[in-house]
Amino acid sequence: MQRAALLDAARSLLSEGGTEALTFPALAERTGLARSSVYEYFRSRAAVVEELCAVDFPLWAAEVEAAMAAADGPEAKIEAYVRQQLALVGDRRHRAVVAISASELDAGAREKIRAAHGGLVAMIADALGGMGHREPRLTAMLLQGVVDAAVRRIELGAAEDPAAITEAAVAMALRGVRG
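Quick caveat: nothing in here was measured; it's all calculated off a predicted structure.

A. Local environment of the nonpolar core. In terms of nonpolar packing, the biggest core is built from 33 residues, with Val64, Ile78, Tyr81, Val82, Leu86, Ile124 and Leu143 touching the most fellow members. With seven residues, the single largest contributor to this core is helix α7 (residues 107-130). Setting aside chain neighbours within four positions, we find Leu86 in contact with Val147, Ala150, Val151, Ile154, Thr166 and Ala169. Ala10, Ala47, Val49 and Leu52 belong to the second-largest nonpolar core, a separate cluster that totals 18 residues.

See the structure below:
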């Protein structure tokens, strides 16, 4: 229960203040634990980040996968892939992952994030393969770049409405994958 409370506090801190806000004193204050107790659960900030990724990313990916599974045909799956990721931008789990990806992490934490992200890319590569793309993984990685740019635009509180950013990203993705 304490570990779950610490992870929930970490999500909140990352969501509210980015990586700078994720400190052991702040975690201790949010959970009512002594600062030394936080170290019993996590050896470093990177360890907190790794655990958040291990817990949250599969849930987030499952939501993207479910949206794609409900779509009919490769183009509809691509649209669902883009829309679902952008719909998750307001979710605390997503904000935490975005904040995490912007931070200075050790090589192990970065590799775990890359591996988890690779699962998303693999999902879309299958749909792109179904459309006849000769290099579906490369195309999937470029498509994810469009999604990542839209996420950053929404996260920054850009002048455009998030719905407009989503529509532009979907249109760009679909035109791009059609060639």
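B. Representation of helix α2 (residues 24-31) in the model. Looking at α2, one finds that the buried residues are Phe24, Ala26, Leu27 and Ala28. Summarising the contacts, the buried residues of α2 are in contact with α1 (2-17), α3 (35-41) and α4 (45-70). Taking the backbone nitrogen of Ala26 as reference, a side-chain oxygen 3.1 Å away marks Thr23 as the first, capping residue of α2. Looking at the residues trailing α2, positive phi occurs at Gly32, about 75°.

C. Seen up close, the environment of Ala76. Examined against the element boundaries, Ala76 turns out to sit in helix α5 (residues 74-87). Classification of Ala76 as partly exposed rests on a relative accessible area of 29%.

D. Expanded view of the packing of α4 against α5. As a packed pair, α4 and α5 sit with axes 8 Å apart at the nearest point and diverge in direction by 145°. In terms of crossing hand, the pair formed by α4 and α5 is right-handed. Together, Trp60, Glu63, Val64, Ala67, Met68 and Ala69 of α4 and Lys77, Ala80, Tyr81, Gln84 and Gln85 of α5 make up the contact between the two elements.

E. Representation of the packing of aromatic side chains within the structure. Inspection of the entire model under this criterion finds two aromatic pairs. Relative to Tyr39, the ring of Phe24 has its centre 4.4 Å away and its plane inclined at 55°; by these criteria the two rings are tilted. Residue Phe24 is found in helix α2, and its partner Tyr39 is found in helix α3; the two are separated by 15 residues along the sequence. On the accessibility criterion, Phe24 (7% relative accessible area) is buried. Residue classification places Tyr39 among the partly exposed residues on the basis of a relative accessible area of 44%. Both rings, one in Phe57 and one in Trp60, keep their centres 5.0 Å apart while their planes meet at 80°; by these two values the pair is edge-to-face. Residue Phe57 and its partner Trp60 are both found in helix α4; the two are separated by three residues, about one turn of the helix. With relative accessibility at 4%, the residue Phe57 sits in the buried group.

What counts as what
- Residues numbered from 1 in each chain as written.
- Predicted model: local features only at pLDDT ≥ 70, side-chain atom pairs only at ≥ 80, totals over all residues.
- Heavy atoms only, no water.
- Core = buried A, V, L, I, M, F, W, Y, C linked by side-chain atoms within 4.5 Å.
- Buried < 20%, exposed > 50% of the residue type's maximum accessible area, 1.4 Å probe, protein only.
- Helix = DSSP H or I, 4+ residues; strand = E, 2+ residues; numbered from the N terminus.
- Contact = heavy atoms within 4.5 Å.
- Polar contact = N/O pair within 3.5 Å; in protein donor to acceptor, adjacent residues only side chain to side chain.
- Axes fitted to C-alpha atoms, helices over the stretch in contact; angles between N-to-C directions.
- Left-handed = near helix turned anticlockwise from the far one by under 90°.
- Phe/Tyr/Trp six-rings, centres within 6.5 Å; stacked < 30°, edge-to-face > 60°.

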